[in-house]
Amino acid sequence: MALPWFNPPVYVKGDRPGMRYGISHVQGAAEELLKWTKRGPRWRRAIEACMAAIEGKVPPKEVRQLFEDAAKEEKVFLPPV
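Note that the structure is predicted; figures quoted are calculated from it, not measured.

Student: Which residues make up the overall build of the protein chain, and what values go with them?
Tutor: Looking only at helices and strands, one finds three helices and three strands in the protein chain. For the protein chain, the α and β elements follow one another from N to C terminus as β-β-α-α-α-β. Here the C-alpha atoms of the protein chain give a radius of gyration of 12 Å, agreeing with the 12 Å that 2.2 N^0.38 yields for 81 residues. Structurally, the protein chain occupies a C-alpha span of about 35 × 25 × 15 Å along its principal axes. Here the protein chain holds 81 residues, and 43% of them are scored as buried. Nonlocal contacts in the protein chain, meaning residues at least 24 apart in sequence, comprise 52% of its contacts between residues at least 6 apart. Taken together, the 14 basic and 10 acidic charged side chains of the protein chain have centroids lying 4 Å from each other.

Student: Outline helix α2 (residues 41–54), supporting the account with residue identities and numerical values.
Tutor: Three or four residues apart is the spacing at which side chains of an α-helix point the same way, because the helix has 3.6 residues per turn. Look at α2: 20 Å from first C-alpha to last across 14 residues, which is about the 20 Å you get at 1.5 Å a residue. Buried within α2 are the following residues: Trp43, Ala46, Ile47, Ala49, Cys50, Ala52 and Ala53. Where the residues of α2 are buried, they touch α1 (26–33) and α3 (60–74). Immediately downstream of α2, the backbone of glycine 56 shows phi near 80°, a positive value.

Student: Any chance you could break down the packing of aromatic side chains for me, citing the residues and the numbers?
Tutor: Going through the model one piece at a time under the given rule, you end up with one aromatic pair. Centroid distance tryptophan 36 to phenylalanine 67: 5.5 Å. Interplanar angle 20°. Geometry classified as stacked. Taken as a pair, tryptophan 36 in the loop between α1 and α2 and phenylalanine 67 in helix α3 lie far apart in primary sequence, 31 residues in all. Given a relative accessible area of 6%, tryptophan 36 falls into the buried group. Note on phenylalanine 67: relative accessible area 0%, which makes it buried.

Student: Describe a positive patch on the surface, and please don't skip the residues or the numbers.
Tutor: Taken together, the side chains of Lys38, Arg42, Arg45 and Lys75 define a basic patch exposed on the protein surface. When you line up the elements, lysine 38 lands in the loop between α1 and α2. By relative accessible area, which is 42% here, lysine 38 ends up partly exposed.

Student: An account of unusual backbone geometry is needed here, citing residue identities and associated values.
Tutor: Proline 8 follows asparagine 7 through a cis peptide bond whose omega is 5°. One can find proline 8 in strand β1 (residues 5–13). Phi is positive for lysine 75, close to 65°, though the residue is something other than glycine. With respect to the secondary-structure elements, lysine 75 resides in the loop between α3 and β3 (77–78). For lysine 75, a relative accessible area of 60% corresponds to the exposed category.

Criteria and thresholds
Residues numbered from 1 in each chain as written. Predicted model: local features only at pLDDT ≥ 70, side-chain atom pairs only at ≥ 80, totals over all residues. Heavy atoms only, no water. Helix = DSSP H or I, 4+ residues; strand = E, 2+ residues; numbered from the N terminus. Rg over C-alpha atoms; globule rule 2.2 N^0.38 Å. Buried < 20%, exposed > 50% of the residue type's maximum accessible area, 1.4 Å probe, protein only. Contact = heavy atoms within 4.5 Å. Lys, Arg positive; Asp, Glu negative; His and termini not counted. Charge placed at Lys NZ, Arg CZ, Asp CG, Glu CD. Expected span 1.5 Å × (residues − 1). Phe/Tyr/Trp six-rings, centres within 6.5 Å; stacked < 30°, edge-to-face > 60°. Patch = residues over 30% accessible without salt bridge, like charges linked within 9 Å, V, L, I, M, F, W, Y side chains within 5 Å. Areas by Shrake-Rupley, 256 points an atom, 1.4 Å probe, with all protein chains shown as cover. Salt bridge = Lys/Arg side-chain N within 4 Å of Asp/Glu carboxyl O.

Laid out in structure tokens, this is it:
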């Protein structure tokens, strides 16, 4: 099964200082969300959208926006350079 990709990537802070990750597909977004400690309402909407997109029920573009919103809520969002 092909990964549902989105563009442009959402950049988030990495595990180590100065590291950043560009997330550009639904599975990567879901994996990143599962690492986060704060699981507020935006996190919940994003993870639910990831699962729905994997099943083909939500477009990747929607997942991208919800993932970006969750990254901002978690304070790990980085603007593109």
